[in-house]
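Chains, contacts and geometry: an overview
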Amino acid sequence: MENFDEWFHDILENANITDSRYPIKGMAIWMPYGFQIRKHTMNIIKNLLDKDHEEVLFPMLIPEAELAKEGIHVKGFEEEVYWVTKGGQTELNEQLALRPTSETAMYPMYALWIRSHIDLPIKYYQIVNTFRYETKHTRPLIRVREITTFKEAHTAHATKEESDEQIQDFIEIYKTFFDDLGLPYLISKRPEWDKFPGADYTMAFDIIMPNGKTLQIGTIHNLGQTFAKTFDITFEDKDGEHKYVYQTCAGVSDRVIASVIGVHGEEKGLRLPPKVSPNQVTIIPIIFKKGKEEVLGKCMEVKELLESKGLRVNMDDRDIRPGKKFFDWELKGTPVKLEIGPRDLENNITVAMRRDEEEKIELPLDDSLADAVMDLIEKTQENLSKSAWEFQKEHVKFTEDLEEIPQLVEAGNVVKFRWCGDEEIGKQIEEKTGYDILGIQEEISEGKCIASDNDAKYMTLIAKTY
Ligand code: P5A
């Protein structure tokens, strides 16, 4: 892909995903095709969370006094908050924030709900829109001012150990989520200076986009007892003592959908993983005047057969050239296309084509069809994931030479290096190279720091970020 940003911008419009012409910067419309991709994506994360979490829905407005209570948190967000100051013509006594995230909306309520150790753990989540007056360059789905698909989970626990376990649980949930979307990821612990405002530590999932820039697609924060102390969230423990809870929160956003589009896409258009594709199979009737009814009838029969197996199937019977239909569904990334024309009917076959491969395959129009199509769908899902992981593997490069970092990053890579963990040195590395340290991948006990005489402590990632 020559120019990824341009390709991404165009595909959103051409594939009917979003329309960014809405007259507020950073806010866009979800168009029908995009809305469906979003719906299927949300369903995956909802199903994963519903096993062990409960869905709730909080108001969008937060009183200024609550937002301002947690000093570090509010400082992190103060430049990004939208304020509601009037109701009609009346100035409000207290201005209200449009939630940039919901800690300060939820936790005062947690303080009311949590009384005793039997009320714990609490594991709630909501999928809502949040607002951030982003000052960096906005981009559809990637950096928006109205995050329309903000999945935020917020948990409270009796012990620190449980909260650390919860972090691991979230990591596993996100791994499964991204695996279902065929998305590769890099997991790291963010450096101190880049953690979530108010968190003890932040674990992040980053993905490498086709232009080599990384995108943070999910974050998991251990909040320790900071918010518990601010909002007075206490419980009576088994020993009769009153203690503060330990909290965690985790979020993903529209960026996940941006990654599905960006990572799997190619010049000709989208390549959607079957799990989130609005149509998993698109049937294209090849219609001539003669035999039209038979062809359409067979297509309908196949559609019903595949639907009865639980597949999402559409039939493109528009009165236009088949070539145009192929072009359209390639652009829209349907995983499997089936073509049926009069000659195919005579031979009792359909011509199948996977979106991720050039090859055309003839499938018999008999009892074996549904299984054969399911198999193509599964292979598409697996193959998209495999190529995406391969791309990532090829684009993470290790170096022991600080001078080499810019050259590697400019060539589209994320760079891995050894670091001593010292904050000053870390910031120097960022300054010298001009890139951001994503975080620590793992602890190590050999080698020297790339930028000092200290022993190395961490295998660390640095990249050009969105
Ligand atoms: C976790 C959920 C939080 O807000 N509070 C509740 C925590 N974390 S976060 O890192 O600030 O945001 C969570 C994820 O949201 C995505 N994100 C965005 N996506 C699109 N446009 C934006 N302006 C934007 N800001 C954050 C990131 O993927 C982030 O990891």
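Summary of the structure given here. From a predicted model like this one, the values you see are computed outputs, not experimental measurements.

Conventions we followed
Residues numbered from 1 in each chain as written. Predicted model: local features only at pLDDT ≥ 70, side-chain atom pairs only at ≥ 80, totals over all residues. Heavy atoms only, no water. Pairing = 2+ DSSP bridges. Helix = DSSP H or I, 4+ residues; strand = E, 2+ residues; numbered from the N terminus. Axes fitted to C-alpha atoms, helices over the stretch in contact; angles between N-to-C directions. Contact = heavy atoms within 4.5 Å. Salt bridge = Lys/Arg side-chain N within 4 Å of Asp/Glu carboxyl O. Buried < 20%, exposed > 50% of the residue type's maximum accessible area, 1.4 Å probe, protein only. Patch = residues over 30% accessible without salt bridge, like charges linked within 9 Å, V, L, I, M, F, W, Y side chains within 5 Å. Areas by Shrake-Rupley, 256 points an atom, 1.4 Å probe, with all protein chains shown as cover. Near = heavy atom within 4 Å. Polar contact = N/O pair within 3.5 Å; in protein donor to acceptor, adjacent residues only side chain to side chain. Nonpolar A, V, L, I, M, F, W, Y, C, P; charged D, E, K, R; others polar.

**Side note on the sheet that holds strand β18 (residues 349–354)**
What the five strands build is an open sheet, ordered β16-β15-β17-β18-β19; its pairing is mixed. Single-partner strands in this sheet number two, and they are β16 (313–315) and β19 (360–364). The mean angle between the axes of side-by-side strands here comes to 25 degrees, regardless of whether they run parallel or antiparallel. Across five bridges, the pairing between strand β15 (residues 281–285) and strand β17 (residues 336–340) is parallel. Residue pairing in the sheet places Pro 285 in a bridge with Ile 340 of β17. Strand contacts of helix α10 (residues 322–331): β15, β16 and β17, with the helix running at about 170 degrees to β15, the strand carrying the most contacts.

**Some thoughts on the pattern of salt bridges**
For the coordinates displayed, the defined rule picks out 30 salt bridges. With a closest N to O distance of 2.8 Å, Asp 52 and Lys 123 form a salt bridge. Of this pair, Asp 52 sits in the loop between α2 (32–50) and β3 (54–55) while Lys 123 sits in strand β7 (residues 122–131); the two residues are 71 residues apart in sequence, bridging distant segments of the chain. Of the residues examined, Lys 123 reaches a relative accessible area of 15% and is grouped as buried. It is possible to trace a salt-bridge network through shared partners that takes in Asp 316, Arg 318, Lys 324 and Asp 328.

**Considerations on the sheet that holds strand β5 (residues 82–87)**
The strand order across the open sheet formed by three strands is β4-β6-β5, and the pairing between neighbours is antiparallel. A strand with exactly one partner marks an edge of an open sheet, and here the two such strands are β4 (61–63) and β5. Within this sheet the neighbouring strands show an average axis-to-axis angle of 45 degrees, counted without direction. The pairing of β4 with strand β6 (residues 90–98) spans three bridges and is classified as antiparallel. When the sheet's bridge partners are listed, Leu 61 is paired in β6 with Leu 98.

**Some details on the environment of Ile 287**
Tracing the chain through its elements places Ile 287 in the loop between β15 and α9 (292–308). In the structure, Ile 287 is positioned 55 residues away from Pro 342 in sequence and 7.6 Å away in space, judged by C-alpha atoms. With residues up to four places along the chain from it excluded, the contact list for Ile 287 reads Lys 292 and Leu 296.

**A closer look at the environment of Ala 258**
Looking at the secondary structure, you find Ala 258 in helix α8 (residues 255–264). In this structure the C-alpha to C-alpha distance between Ala 258 and Phe 8, which are 250 residues apart in sequence, comes to 8.6 Å. Ignoring sequence-local partners within four residues, the contact set of Ala 258 consists of Phe 8, Leu 141, Ile 142 and Met 209.

**Thoughts on a nonpolar patch on the surface**
Side chains of Tyr 22, Ile 24 and Ile 29 sit close together on the surface and give an oily, nonpolar patch of about 260 Å² of accessible area. Here Ile 24 lies in the loop between β1 (18–19) and β2 (29–30). For Ile 24, a relative accessible area of 39% gives the class partly exposed.

**Topic: the site of the ligand**
Of all residues adjacent to the ligand, which total 23 residues, the nearest are Glu 103, Glu 134, Gln 216, Thr 219 and Ser 253. The separation between an oxygen atom of the ligand and a polar side-chain atom of Thr 219 is 2.7 Å. Protein chains shield 96% of the accessible area of the ligand, which is 600 Å² for the free molecule. Counting residues per element, the ones that place at least two in the shell around the ligand are β8 (146–157), β11 (214–224) and β14 (246–252). Top contributing element to the shell around the ligand by residue count: β11, with five residues. Looking at the shell around the ligand residue by residue, the class counts come to nine nonpolar, eight polar and six charged.

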